[in-house]
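# Descriptive analysis of the structure
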Amino acid sequence: MAYVRLEAWIGGEWLEVSAVSVSVMDSALTLSFEHQRSESGYRSLIWEPLERFLREYREEPVVVVPLGHNLPVMFGPGAAGPFRLMERHDE
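This structure is a prediction, so every number in the text was calculated from the model and none was measured.

## Structural notes on the pattern of salt bridges
This structure, assessed with the given rule, holds four salt bridges. Here Glu16 makes a salt bridge to Arg5, at a shortest N to O gap of 3.0 Å. One end of the pair, Glu16, is in strand 2 (residues 13-24); the other, Arg5, is in strand 1 (residues 2-10), with eleven residues separating them in the sequence. For the pair formed by Glu16 and Arg5, the shared burial category is buried. What emerges from the salt-bridge pattern is a single network uniting Arg5, Glu7, Glu16 and Arg84.

What follows is the structure, encoded as structure tokens:
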């Protein structure tokens, strides 16, 4: 079965992203990501909202949570990414 996931370049490798978060005042705003069946679905449900989110909060530090990792990764203002969509196939 094929699916599309979001990945970020972190620590010299592409890691799947489970969430992107920013803290503003006393609140945290978080986008979380689920696998999608098609790239077009992912673009409208994940990619476009992520681009708007990163533009809106480009002056704030952004936290990326890689799937399956215990530690989130913090990026300084405007430094999060790069991100990509990657198609994967279950064996």
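Next comes the rest of the description.
## Focus: unusual backbone geometry
We note that Met25 has phi near 60°; this positive angle belongs to a residue other than glycine. Along the polypeptide, Met25 turns up in the loop between strand 2 and strand 3 (27-32).

## Quick look at the side chain of Glu7
Within the element layout of this structure, Glu7 appears in strand 1. On the accessibility criterion, Glu7 (0% relative accessible area) is buried. Looking at Glu7, its side chain comes within polar contact range of the side chain of Arg5, at 2.7 Å. Looking at Glu7, its side chain comes within polar contact range of the side chain of Arg84, at 2.7 Å. Those residues in contact with Glu7 that lie beyond four places of it in its chain are Trp14, Leu15, Glu16, Val17, Pro82, Phe83, Arg84, Met86 and Arg88.

## Regarding the packing of aromatic side chains
One pass over the structure, following the stated rule, counts two aromatic pairs. Judged by centre distance (5.4 Å) and plane angle (65°), the ring pair of Trp9 and Trp14 falls under edge-to-face. By relative accessible area, which is 27% here, Trp14 ends up partly exposed. Between Phe53 and Tyr57, the aromatic rings sit 5.2 Å apart at their centres with planes inclined by 55°, giving tilted as the arrangement. One exposure class covers both Phe53 and Tyr57, and it is buried.

## Thoughts on the pairing of strand 2
Sheet topology note: the strand 1/strand 2 ladder contains four bridges and is antiparallel. What sits directly across from Glu7, in strand 2, is Glu16. The antiparallel pairing of strand 1 with strand 2 creates a hairpin that spans two residues between the two strands, and Gly11 there sits at a positive phi of about 60°. Summarising the sheet, strand 2 and strand 4 (residues 62-66) pair through five bridges and their orientation is antiparallel.

What counts, and where the lines are drawn
Residues numbered from 1 in each chain as written. Predicted model: local features only at pLDDT ≥ 70, side-chain atom pairs only at ≥ 80, totals over all residues. Heavy atoms only, no water. Salt bridge = Lys/Arg side-chain N within 4 Å of Asp/Glu carboxyl O. Helix = DSSP H or I, 4+ residues; strand = E, 2+ residues; numbered from the N terminus. Buried < 20%, exposed > 50% of the residue type's maximum accessible area, 1.4 Å probe, protein only. Polar contact = N/O pair within 3.5 Å; in protein donor to acceptor, adjacent residues only side chain to side chain. Contact = heavy atoms within 4.5 Å. Phe/Tyr/Trp six-rings, centres within 6.5 Å; stacked < 30°, edge-to-face > 60°. Pairing = 2+ DSSP bridges.

The analysis is restricted to geometry; functional conclusions fall outside its scope.
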